[in-house]
Amino acid sequence: MHTYEKMIADSINHIANKEIYFNADEIMKSSDEIAVDIVSKLVEWACTPTNILPISIARDCLKQFPIEWVSLKIKQTALTSIDITDDWDYRRLLELSEIISPDLLKWAITLGEKSNNLDILEAVDDFNERLQSKNKSSKF
């Protein structure tokens, strides 16, 4: 296990107080408080590091869950897990949301639409364009 993966696994196992890392079924069977805390930690890992490895590991973990379940948990936790006024964190949230579902991406886009930060507004435009491109290509 790579060092970053061990760090993520340890943080998730610590929250659950048992070996639960990369076990979506067990995480979903946990209490809502523990499940929310785990998703919150995974969102943090998926959005704040500057190294792609922990970002990818956390995204892979989050992709295991059913879309409806994980989307709800991400919506519950994103605003407290990361700083959405930081363009790096916000753009990573958009990337994560795009991986999960178009509906989650639409929600994440709305979080930055009223920002005064030009980098965040650029990210909003970029992901709106990507969403529109996917919508157009899926109609054919």
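Structure first, text after, so check above.
If you're wondering where the values come from, they're calculated on a predicted model, not measured in any experiment. (Residues numbered from 1 in each chain as written. Predicted model: local features only at pLDDT ≥ 70, side-chain atom pairs only at ≥ 80, totals over all residues. Heavy atoms only, no water.)

### Quick notes on the pattern of salt bridges
Consideration 1: Scanning the model with the defined rule gives 10 salt bridges in all.
Consideration 2: As a salt-bridge pair, R91 and D126 come within 3.0 Å of each other at their nearest N and O atoms. On the criterion of sequence distance, the pair formed by R91 in helix α6 (residues 87-100) and D126 in helix α8 (residues 118-138) is long-range, its members being 35 residues apart.
Consideration 3: Overlapping salt bridges, with partners in common, bring together R59, R92 and E95 in one network. (Salt bridge = Lys/Arg side-chain N within 4 Å of Asp/Glu carboxyl O. Helix = DSSP H or I, 4+ residues; strand = E, 2+ residues; numbered from the N terminus.)

### Details of the packing of aromatic side chains
Consideration 1: For the structure shown, the criterion picks out 2 aromatic pairs.
Consideration 2: Pairing Y21 with F22 gives two aromatic rings, centres 5.3 Å apart and planes at 75°, and the pair type is edge-to-face.
Consideration 3: With a centroid separation of 4.7 Å and an interplanar angle of 35°, the aromatic rings of F65 and W69 are classed as tilted.
Consideration 4: A residue is classified by how much of its surface remains accessible, and F65, at 4% relative accessible area, is buried.
Consideration 5: Lying across the ring of W88, R92 places its NZ or CZ 4.0 Å from the centre. (Phe/Tyr/Trp six-rings, centres within 6.5 Å; stacked < 30°, edge-to-face > 60°. Buried < 20%, exposed > 50% of the residue type's maximum accessible area, 1.4 Å probe, protein only. Lys NZ or Arg CZ within 6 Å of the ring centre and 35° of its normal.)

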